[in-house]
Amino acid sequence: MTLQQLKYIVTVAQTGTITEAAGKLYISQPSLTNAIHELEKEMNIVIFNRTNKGINITKEGGDFL
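It should be emphasised that the depicted structure is a prediction, and the values quoted were computed from it without experimental measurement. (Residues numbered from 1 in each chain as written. Predicted model: local features only at pLDDT ≥ 70, side-chain atom pairs only at ≥ 80, totals over all residues. Heavy atoms only, no water.)

Caption draft 1: Highlighting the overall build of the protein. Along the backbone of the protein there are 4 helices and 2 strands. The order of helices and strands in the protein, counted from the N terminus, is α-α-α-β-β-α. The C-alpha radius of gyration computed for the protein amounts to 11 Å, which stays within 12% of the reference 11 Å derived for 65 residues, consistent with globular compactness. Projecting the C-alpha coordinates of the protein onto the three principal axes gives extents of approximately 25 × 25 × 15 Å. (Helix = DSSP H or I, 4+ residues; strand = E, 2+ residues; numbered from the N terminus. Rg over C-alpha atoms; globule rule 2.2 N^0.38 Å.)

Below, the structure written as structure tokens:
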């Protein structure tokens, strides 16, 4: 886990969408998605439920944040 990944998670949680968070972080959406997936895999939790309308924070994700 890196500080960069934590910044990404917080920004996604604040914006509610990965696309908007990627814009605020000045990175591509696929790069942000990959960083989040890597952190979820490392921590063995699901932080966000992804839908076509955005993201929702899971209970595990809320505890993590």
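Caption draft 2: Spotlight on a nonpolar patch on the surface. On the surface, a cluster of nonpolar side chains totalling about 240 Å² of accessible area is made up of Val10, Ile57 and Leu65. Judged by its relative accessible area of 38%, Val10 falls in the partly exposed class. (Patch = residues over 30% accessible without salt bridge, like charges linked within 9 Å, V, L, I, M, F, W, Y side chains within 5 Å. Areas by Shrake-Rupley, 256 points an atom, 1.4 Å probe, with all protein chains shown as cover. Salt bridge = Lys/Arg side-chain N within 4 Å of Asp/Glu carboxyl O. Buried < 20%, exposed > 50% of the residue type's maximum accessible area, 1.4 Å probe, protein only.)

Caption draft 3: Quick look at the environment of Asn49. Along the chain, Asn49 falls in strand β1 (residues 48-51). Sequence-wise, Asn49 and Gly61 are 12 residues apart; in three dimensions their C-alpha atoms are separated by 9.3 Å. In contact with Asn49, not counting residues within four places along its chain, are Gly54, Ile55, Asn56 and Thr58. (Contact = heavy atoms within 4.5 Å.)

Caption draft 4: Expanded view of the pairing of strand β2 (residues 54-57). In terms of strand pairing, β1 meets β2 through 4 bridges, oriented antiparallel. Bridge pairing in β2 links Asn49 to Asn56. The antiparallel pairing of β1 with β2 creates a hairpin that spans 2 residues between the two strands. (Pairing = 2+ DSSP bridges.)

Caption draft 5: Here's a closer look at the nonpolar core. Judged by nonpolar contacts, the single largest core of 15 residues is most densely connected at Ile9, Val12, Ile18, Leu32, Ile36, Ile47 and Phe48. Every residue in contact with Leu32, bar those within four places of it in the chain, is listed here: Tyr8, Val12, Ile18, Ala21, Ala22, Leu25 and Ile27. (Core = buried A, V, L, I, M, F, W, Y, C linked by side-chain atoms within 4.5 Å.)

Bear in mind that shape data such as this cannot, by itself, settle questions of function.
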